[in-house]
Every structure is written in C-alpha cells, then in structure tokens.
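# Close look at the chain arrangement
Residue strings, one per chain:
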Amino acid sequence: MVSGGKAGPRFPGAGCVLLAAILALAALPAGGCGRESPQATVYHFLGAVQAQDFDAMRSFVSPEARRKVEGEERTRREWDELRRRFLDGTPDWRFRFEDLELSSRALDPDHALVTAVGGKCAYYRLKDGRWVKEGEIDFSREEFVPLYLVKRDGEWYLEALDFYVLYALETACRE
C-alpha cells in the first residue's frame, strides 16, 4: 500500500526526454476528482495505481489536459496502444509502493512539481499463475521524473496521462 512520508527539500533534475514528454500529454475524457494538495493528489493517484482502480486514476487528471489531445491523432494512437497494454483482459501487472516519500515544489499558486524522493516501487508480472517481480525503483537513489500538477477550483490535478505514468514507472523499474 502507498504509505505517507515526509516532504523533503530535495528536488532532482528533470528525467529523460521520454519521461518529460509524458508530462506534456493529457488524458482521456473523464470526470476529475482533485485533492487538497499536490502531494496528496499524487499519493491518492499512486494508491489508485496500486489498487488498479482505473476510474480513480483518471479522476486525478486535469480536465484541461484531457482536452488537449482530442485533436491529436498521434497521441490518440499512442494512448490506445497503452490502454490495450494495461487494460486488455485481466491485468497481468501490478505495482507495489513501499514507504513512499514525496517532495513538492510550488511553481506559483496554481502549479507545482511533485517528486518521489524516498521509498520504493516494485513492478510485478503474472507468469504461469505466479506474480514475478520484474524490477524495482528506489526513489531515494534513482531519479524519477517530477509530476506536474495544476490547481483548478481549489483542487489539484495531474497534467499527465495515467497510462503514460504507468508506462514511465514500468520503464524505470526495469532499468
């Protein structure tokens, strides 16, 4: 389960180009459900990832971000591919977070970056009826791209596609 942690003053630099591009993308249309702080939003989002609650994951994505991709053919194709990868049939993957610590940096009153600065994320795949650990990221030793958040009507939302975040986590765990 995603566990709370303390905010630290550390803020790693930007991640690789692929991960940075993830943050510029948006999500499919769905109703939003923001939270009271950038860190709380990311904790709740990652809890939904761990629970494989796809509706909850999408609810943490900014409605404006979702609208950005409606006219972008390439982004829709990429999104559909990731959607098939993560949603076809019963999911054969899962993430487990342990002792997660997040740090938040305000960019202005309505924008923030949240970075994982401690804890671990393990990635598992179902193989022959057993969950096999395929990798792990230790956020205290390895850099993971900061998540960009926006405040709308008093609530915080991610500006990233939920399945792009899953893909970024999977990639980081396997490296």
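Each value, and the rule that gives it
All residue numbers refer to positions counted from 1 along the written sequence of the respective chain. Reporting in this predicted model follows two pLDDT cut-offs: at least 70 for local features of residues, and 80 or more for side-chain atom pairs to be given and counted; totals over whole chains, interfaces and linings ignore these cut-offs and use all residues. With hydrogens and water excluded, all non-hydrogen atoms of the structure serve as input to the side-chain values. To qualify as a helix, a DSSP run of H or I must reach at least 4 residues; to qualify as a strand, a run of E must reach at least 2; elements of each kind are numbered from the N terminus. Burial classes follow relative accessibility: with a 1.4 Å probe on protein chains only, a residue under 20% of its type's maximum area counts as buried, one over 50% as exposed, and anything between as partly exposed. Throughout, a residue-residue contact means that at least one pair of heavy atoms, one from each residue, lies within 4.5 Å. The quantity known as pLDDT measures the predictor's confidence residue by residue, on a range of 0 to 100. What a helix is expected to span follows from its residue count: subtract one and scale by 1.5 Å. Should a side-chain nitrogen of Lys or Arg be within 4 Å of a carboxyl oxygen of Asp or Glu, the pair is scored as a salt bridge.

In this section: the overall build of the chain. Across its full length, the chain holds 6 helices and 5 strands. For the chain, the sequential pattern of α-helices and β-strands runs α-α-α-α-α-β-β-β-β-β-α. Counting all 175 residues of the chain, 45% fall into the buried class. Restricting to contacts in the chain with at least 6 residues of sequence separation, those with at least 24 account for 74%.

We now examine the confidence of the model for the chain. Looking at the chain, the pLDDT average stands at 80 and 79% of residues meet or exceed 70. Every residue in residues 3-34 scores below 50 in pLDDT, and together they form 85 contacts with partners more than four places removed in sequence or on other chains.

Spanning 14 residues, helix 2 (residues 38-51) covers 20 Å between terminal C-alpha atoms, matching the ideal 20 Å at 1.5 Å per step. Within helix 2 the residues assigned to the buried category are Pro38, Gln39, Ala40, Thr41, Val42, Tyr43, Phe45, Leu46, Ala48, Val49 and Gln50. Next to the buried residues of helix 2 lie helix 3 (54-59), strand 1 (93-108), strand 2 (111-127), strand 4 (147-152), strand 5 (155-158) and helix 6 (162-174). One or two steps after helix 2, the chain reaches Gln52, where phi turns positive at roughly 55°.

Moving on: the pattern of salt bridges. Throughout the structure, instances matching the rule amount to 12 salt bridges. Measuring nitrogen to oxygen at the nearest pair gives 3.6 Å for the salt bridge that ties Asp138 to Arg141. Among the residues examined, Asp138 registers a relative accessible area of 8% and is labelled buried. Residue classification places Arg141 among the exposed residues on the basis of a relative accessible area of 68%. Three or more residues are tied together by salt bridges with common partners; here these are Arg85, Lys127, Glu134, Glu170 and Arg174.

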